[in-house]
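Coordinate inspection notes
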Amino acid sequence: QVQLEESGGGLVQPGGSLRLSCAVSGRIFRLNNMGWYRQAPGEQRELVAHISSDGTTNIADSVKGRFTISRDNAKNTVYLQMNGLKFEDTAVYFCNVRARTQWSDLAEYAFWGQGTQVTVSS
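Structure report, in brief. (Residues numbered from 1 in each chain as written. Predicted model: local features only at pLDDT ≥ 70, side-chain atom pairs only at ≥ 80, totals over all residues. Heavy atoms only, no water.)

1. Topic: the state of the cysteines
- Taken as a whole and assessed by the stated rule, the structure comprises one disulfide.
- There is a disulfide in this structure between C22 and C95, and the S-S distance comes to 2.1 Å. For the disulfide bridge between C22 and C95, the dihedral angle about the S-S bond is near -85°, and by the sign convention the bridge is left-handed. One end of the pair, C22, is in strand 3 (residues 18-26); the other, C95, is in strand 9 (residues 91-100), and 73 residues separate them in sequence. (Disulfide = S-S within 2.5 Å. Helix = DSSP H or I, 4+ residues; strand = E, 2+ residues; numbered from the N terminus.)

2. Points about the pairing of strand 1 (residues 2-7)
- Side chains V2, L4 and E6 of strand 1 all project onto a buried face; the interleaved residues Q3, E5 and S7 project onto a face where none is buried.
- As defined by bridge partners, strand 1 adjoins strand 3 across six bridges and the pair is classed as antiparallel. The partner of V2 across the bridge, within strand 3, is G26. (Buried < 20%, exposed > 50% of the residue type's maximum accessible area, 1.4 Å probe, protein only. Pairing = 2+ DSSP bridges.)

3. Points about the environment of N96
- In this fold, N96 is placed in strand 9.
- Note on N96: relative accessible area 7%, which makes it buried.
- When sequence neighbours within four positions are dropped, the list of residues in contact with N96 reads N33, M34, G35, Y37, A110, F111 and W112.
- For N96, the side chain forms a polar contact with the main-chain oxygen of F111, separated by 3.4 Å. (Contact = heavy atoms within 4.5 Å. Polar contact = N/O pair within 3.5 Å; in protein donor to acceptor, adjacent residues only side chain to side chain.)

Shown next as structure tokens:
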């Protein structure tokens with residue numbers, strides 16, 4: 001019923017930039033928090049950034065000042081602009097959204113994208 005389509009990952013040199021996109025489609029009644037997680041080899045998955053429905057953002061200290069999260073509610077899409085990329089940013093990036101799927105169901109469900117690889121290498 002709900003699909004998350006991620007795009008924008010790839011191979012980039014240190015100091016370069018990438019823009020990740022995550023478009024949500026399907027039966028959505030209300031799209032709440034949207035965000036990005038990442039997981040590097042041998043590491044646990046960590047929160048990179050998230051943005052609430054009112055635009056409030058939370059950015060991890062490790063990427064603060066370099067990454068920017070935004071959303072386009074008309075397109076049900078969340079973005080992650082990544083500038084000044086470093087080797088340690090190499091990871092699989094996962095889109096995550098929380099949403100209500102219908103009026104009659106008050107529960108909030110979490111949905112995950114398939115992940116997109118970001119590799120920073122010289």
